[in-house]
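Now for the letters of each chain:
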Amino acid sequence: MSIHINAKPGDFAKVVLMPGDPRRAEWIAKTFFKNYRLVNDVRGMTAYTGELEDGTPVSVFPSGMGIPSIGIYAHELYNEYGVELIIRVGTCGAYQEGIDLKDIIIGQGACCDTAILNSYNFQNATYSAIADYDALVSSVEAAKARGYRYHVGNMLSSNVFYNGDPNIWKKWAAMGVKGVEMEAYGLYWAAAEANKKALAICSVSDSFCFTKILSQMERQESLNNMIEVALQVVRDFNK
Ligand code: HPA
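This is a predicted model, so every value here is computed, not measured. (Residues numbered from 1 in each chain as written. Predicted model: local features only at pLDDT ≥ 70, side-chain atom pairs only at ≥ 80, totals over all residues. Heavy atoms only, no water.)

Caption draft 1: Inspection of the site of the ligand at higher detail. Taken together, Thr 91, Cys 92, Gly 93, Phe 161, Val 180, Glu 181, Met 182, Ser 205, Asp 206 and Phe 208 make up the full set of residues near the ligand. Contact between the ligand and Gly 93: a nitrogen atom at 3.4 Å from a main-chain N or O atom of the residue. Among the cavities detected, the one that contains the ligand is the largest pocket. Within the residue set of the shell around the ligand, elements represented by two or more residues are strand S5 (85–94), strand S9 (179–181) and strand S10 (197–207). No other element matches S5, which puts three residues into the shell around the ligand. The class makeup of the residues in the shell around the ligand is five nonpolar, three polar and two charged. (Near = heavy atom within 4 Å. Polar contact = N/O pair within 3.5 Å; in protein donor to acceptor, adjacent residues only side chain to side chain. 1 Å grid on protein atoms, 1.4 Å probe; cavity = no way out; pocket = protein on both sides within 12 Å on 5 of 7 lines; lining within 4 Å. Sits in = over half its atoms within 2 Å of the grid points. Helix = DSSP H or I, 4+ residues; strand = E, 2+ residues; numbered from the N terminus. Nonpolar A, V, L, I, M, F, W, Y, C, P; charged D, E, K, R; others polar.)

Caption draft 2: Quick peek at the packing of aromatic side chains. The tally for this structure, following the rule as stated, stands at 11 aromatic pairs. Geometrically, the ring pair formed by Tyr 36 and Tyr 48 is edge-to-face, given 5.9 Å between the ring centres and 80° between the ring planes. With Tyr 36 in strand S2 (residues 34–40) and Tyr 48 in strand S3 (residues 47–51), this pair connects stretches of sequence that are 12 residues apart. Here Tyr 36 falls in the partly exposed class, since its relative accessible area comes to 33%. Look at Tyr 48 and you get buried, because its relative accessible area is 10%. (Phe/Tyr/Trp six-rings, centres within 6.5 Å; stacked < 30°, edge-to-face > 60°. Buried < 20%, exposed > 50% of the residue type's maximum accessible area, 1.4 Å probe, protein only.)

Caption draft 3: Focus on the layout of surface pockets. Empty space within the largest pocket amounts to approximately 750 Å³. Taken together, the elements giving at least two residues each to the lining of the largest pocket come down to S5, helix H4 (168–174), S9 and S10. Of the residues forming the lining of the largest pocket, the biggest block, five residues, is contributed by S5. Residues that form the lining of the largest pocket fall into these classes: 14 nonpolar, eight polar and nine charged. (Points joined across faces, edges and corners; volume = space filled by probe spheres on them.)

Caption draft 4: Region of the structure containing the packing of helix H2 (residues 67–80) against helix H5 (residues 184–194). In the contact formed by H2 and H5, the axes pass within 8 Å of each other and the chain directions differ by 30°. When the axis of H2 is compared with that of H5, the two are roughly parallel. The element H2 and its partner H5 pack so that their crossing is right-handed. When H2 is examined against H5, the residues Ile 67, Ile 70, Gly 71, Ala 74, His 75, Tyr 78 and Asn 79 are found in contact with a partner set consisting of Tyr 185, Gly 186, Leu 187, Ala 190, Ala 191, Glu 193 and Ala 194. (Axes fitted to C-alpha atoms, helices over the stretch in contact; angles between N-to-C directions. Parallel < 35°, antiparallel > 145°, perpendicular 65-115°, else oblique. Left-handed = near helix turned anticlockwise from the far one by under 90°. Contact = heavy atoms within 4.5 Å.)

Caption draft 5: Region of interest: the pairing of S5. With nine of its 10 residues buried, S5 lies for the most part within the structure. Both strand S1 (residues 15–18) and S5 contribute to a ladder of four bridges, which runs parallel. In the strand pairing of S5, Met 18 is matched with Arg 88. Note: S5 against S10, 10 bridges, orientation parallel. Residue Ile 86 lies in a different strand from S10, and its bridge partner there is Ala 198. (Pairing = 2+ DSSP bridges.)

Caption draft 6: Summary view of the side chain of Thr 56. Within the element layout of this structure, Thr 56 appears in the loop between S3 and strand S4 (57–60). Taking relative accessible area as the criterion, Thr 56 reaches 10% and is therefore assigned buried. Of the polar contacts made by the side chain of Thr 56, one reaches the side chain of Asp 54; its length is 2.7 Å. Residues in contact with Thr 56, not counting those within four places in the same chain, are Gly 50, Glu 51, Val 234, Arg 235 and Asn 238.

Caption draft 7: Geometry of the pattern of salt bridges. With the rule as written, the count across this model stands at 11 salt bridges. Glu 181 is paired through a salt bridge with Arg 88; the nearest N and O atoms lie 2.7 Å apart. Within this pair, whereas Glu 181 is found in strand S9, its partner Arg 88 is found in strand S5, the two being separated by 93 residues in sequence. Assigned by exposure class, Glu 181 and Arg 88 land together as buried. Three or more residues joined by partner-sharing salt bridges are found here, namely Lys 8, Asp 11 and Arg 37. (Salt bridge = Lys/Arg side-chain N within 4 Å of Asp/Glu carboxyl O.)

Note that every value here comes from positions in space, so none of it alone points to a role or purpose.
Following this line, the structure appears as C-alpha cells:
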C-alpha cells in the first residue's frame, strides 16, 4: 500500500494506461482487457489489471484532473509498485488550424504554466518535459499503420481550464504548441524523477480554432483509436 493506493505489491503490470476519468478506466478494462480485476478503489480511482488478447499484462489507473493529481498517482506507481511505463490516454483541445477533432496528438514534449518547477530551486531555469523516445516512436508507427490522423509535438499542460485571458492560447499556438490538456507535464516530470518512462497520447475533443462538436459516436470512435495506439505501445514494450 502507498499513501493514495491500496493495491498490493505486484498488483500492477509494468505498463499502466492512464485516462483522466475513473469511468473511462473501467471502460478500458471492460472493452480491451481479459481476466481483469479491480486493484485500487481509494477515492473512487478504480484501477484494473488484466491481460491483452495475446496475454500481455497491462493495467489501467485513472489520473484525475491536473498535474497535482497525476503527479501523485504516477509517483506512487513508479516508486512503490515497480511500474516502468505510464501512457496517458486523454483528451485535449487543439491549438492549430490543421488539427481536426478526433485527430490524435502525441506529446513529444510538454510545457506548463504551473508552480511544479518551484518545487526545485532551479533559479529561473526550467525542465523540458519529454516523452520516452521508444514509446513515442512505437505510438507514431501504430497510428501510421492504422491510418489514423495524428500529430507529434509539444502540448501545453495548463493549470487553468477556465483561463481568464481568452487570448493567451494564441501565444502558445504561435510557438507551435499543438494542443492543451492538464496532465502530460506532471506525468513526464514524475517519470524523470523516478528514472522511468512516460508517454501522453490525446484525442482531440475540441478546438480553439473553430467551433465544432463531436457526436457521441465520433467521440467513441476517436477514443477507441487512441486506445488501439496505446495498446500497441504496451505490446511493443513487452516484446
Ligand atoms: N483545455 C484543457 N484541457 C482540456 C481541454 C481544453 O480545452 N480539452 C480537453 N482537455
